Amino acid sequence: MEFRGAMGGIYKLTEWVTRIAFSNILWVICSSPFLFVLLFKFLLYQTNATANDQLLLNWAMGILAPFTLFPAISALFATVRKWIMGDTEVPVFRTFFKGYKDNYKQSMIGGIFYTLLFVIMFVDYKVYMTLDNLQLVGGVMLLLLIMLFVSMFNFFSMVVHYHMSIFLIIKNAILLTLIRPLKMVSTVAGCGLLLYITSLYPVLIVFFIITLMAMWSFFNFYGSFLKMQEKAERLRLLEEEKQQEATETSALEESALTKN
């Protein structure tokens with residue numbers, strides 16, 4: 001039964017709210033070990049916790065992230081990819097866990113890479129910002145951290161969209177971030193706005209925010225992908241035209257020689 005008018009709009013809105021909330025809850029479930037430690041760290045931060053306690057929790061989060069958080073995000077991206085590409089009727093549960101299974105290994109390896117890089121760069125940033133003469137370098141490190149953050153979203157988009165080696169995916173994710181600065185700014189602005197809303201209404205992270213961030217990030221990535229694909233197609237057609245012209249010129253020259 002298809003609803004029309006205002007009733008149809010409400011029905012469509014309800015469908016999308018259900019899809020987004022269900023996929024976000026699946027992400028929370030699959031990321032629960034990491035999220036549990038993160039929540040415990042936040043609660044411990046409100047008390048007089050020792051530095052050793054905080055360090056131990058940081059180690060736990062760093063170890064858990066590649067094996068729980070990153071595969072769950074990839075599964076979420078596999079789901080929103082279908083929606084952005086126009087296939088909105090896919091079953092959320094099946095698509096999510098198929099993406100989880102198919103991309104687990106690459107997500108885990110990429111998670112190890114990004115976790116190590118985030119830790120190293122964040123420690124450098126903190127050190128430089130405490131030194132009077134090197135705060136400018138700290139600002140540069142902060143900019144690089146933001147770029148790394150955006151490249152991580154490109155990484156997830158490429159994991160679910162391409163069939164290539166993990167090293168090529170990481171390299172291309174970083175390169176795409178560098179050559180598409182406007183898309184990087186757009187992704188940062190959109191995700192920053194969603195995180196700001198989360199700070200006002202933390203409960204939204206359980207139901208909507210992460211899925212919306214994934215949708216926005218893949219939307220920007222897919223826009224870049226379509227533009228690059230269109231450019232590659234134009235170059236291919238141009239190359240074919242040049243080859244055709246060269247073939248016709250060669251044929252005319254041979255014909256002229258034959259007549260002579």
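Everything quoted here is computed from the prediction, not taken from an experiment.

Would you take a moment to explain helix 7 (residues 166-179) for this structure?
Note: α-helices contain 3.6 residues per turn, so residues at a spacing of three or four share the same orientation. Over its 14 residues, helix 7 runs 20 Å from end to end, which matches the ideal 20 Å to within 8%, given 1.5 Å per residue. Those residues of helix 7 that fall on the buried side of the exposure criterion are Ile166, Ile169, Ile170, Ala173, Leu176 and Thr177. Buried residues along helix 7 cover an arc of 130 degrees about the axis, so they all sit on one side. Exposed side of helix 7, more than 90 degrees from the buried face: Phe167 and Ile179 are the residues found there.

Help me understand the layout of surface pockets, please; the structure alone is not making it clear to me.
The gaps of empty space that remain are located by a probe, the size of a water molecule, rolled over the atoms. By volume, the largest pocket is sized at about 2,100 Å³. Along the wall of the largest pocket there are 45 residues; nearest its centre are Phe34, Leu38, Met61, Ala65 and Leu69. Taken together, the elements giving at least two residues each to the lining of the largest pocket come down to helix 1 (5-30), helix 2 (32-45), helix 3 (51-84), helix 5 (104-130), helix 6 (135-161), helix 8 (181-200), helix 9 (204-207) and helix 10 (209-259). Examining the composition of the lining of the largest pocket, we find that 14 residues originate from one element, helix 3, more than from any other. Residues that form the lining of the largest pocket fall into these classes: 40 nonpolar, four polar and one charged. A volume near 390 Å³ is recorded for the second largest pocket.

Can you help me understand the nonpolar core in this one?
Counting 52 residues, the largest nonpolar core has Trp27, Phe77 and Phe155 as the members making the most contacts within it. Apart from residues lying up to four places away in sequence, Trp27 is in contact with Leu35, Leu69, Ala72, Ile73, Leu76, Phe96, Ile205 and Ile210.

Is there a simple way to explain the side chain of Thr79 in this structure?
Take Thr79: it is sitting in helix 3. Exposure remark for Thr79: the relative accessible area of 0% places this residue in the buried category. One polar contact links the side chain of Thr79 to the main-chain carbonyl oxygen of Ala75, over a distance of 3.0 Å. Excluding anything up to four places from it in sequence, Thr79 contacts Val92, Thr95 and Phe96.

Help me out: how do you make sense of the packing of helix 5 against helix 6 in this one?
Any two packed helices are characterised by the angle at which their axes cross and by the distance between the axes. At a closest axis distance of 8 Å, the pairing of helix 5 and helix 6 adopts a crossing angle of 170 degrees. Compared by their axis directions, helix 5 and helix 6 come out roughly antiparallel. Both helix 5 and helix 6 take part in a crossing whose hand is left-handed.

Cut-offs and rules
Residues numbered from 1 in each chain as written. Predicted model: local features only at pLDDT ≥ 70, side-chain atom pairs only at ≥ 80, totals over all residues. Heavy atoms only, no water. Helix = DSSP H or I, 4+ residues; strand = E, 2+ residues; numbered from the N terminus. Expected span 1.5 Å × (residues − 1). Buried < 20%, exposed > 50% of the residue type's maximum accessible area, 1.4 Å probe, protein only. Arc of directions from axis to C-beta. 1 Å grid on protein atoms, 1.4 Å probe; cavity = no way out; pocket = protein on both sides within 12 Å on 5 of 7 lines; lining within 4 Å. Points joined across faces, edges and corners; volume = space filled by probe spheres on them. Nonpolar A, V, L, I, M, F, W, Y, C, P; charged D, E, K, R; others polar. Core = buried A, V, L, I, M, F, W, Y, C linked by side-chain atoms within 4.5 Å. Contact = heavy atoms within 4.5 Å. Polar contact = N/O pair within 3.5 Å; in protein donor to acceptor, adjacent residues only side chain to side chain. Axes fitted to C-alpha atoms, helices over the stretch in contact; angles between N-to-C directions. Parallel < 35°, antiparallel > 145°, perpendicular 65-115°, else oblique. Left-handed = near helix turned anticlockwise from the far one by under 90°.

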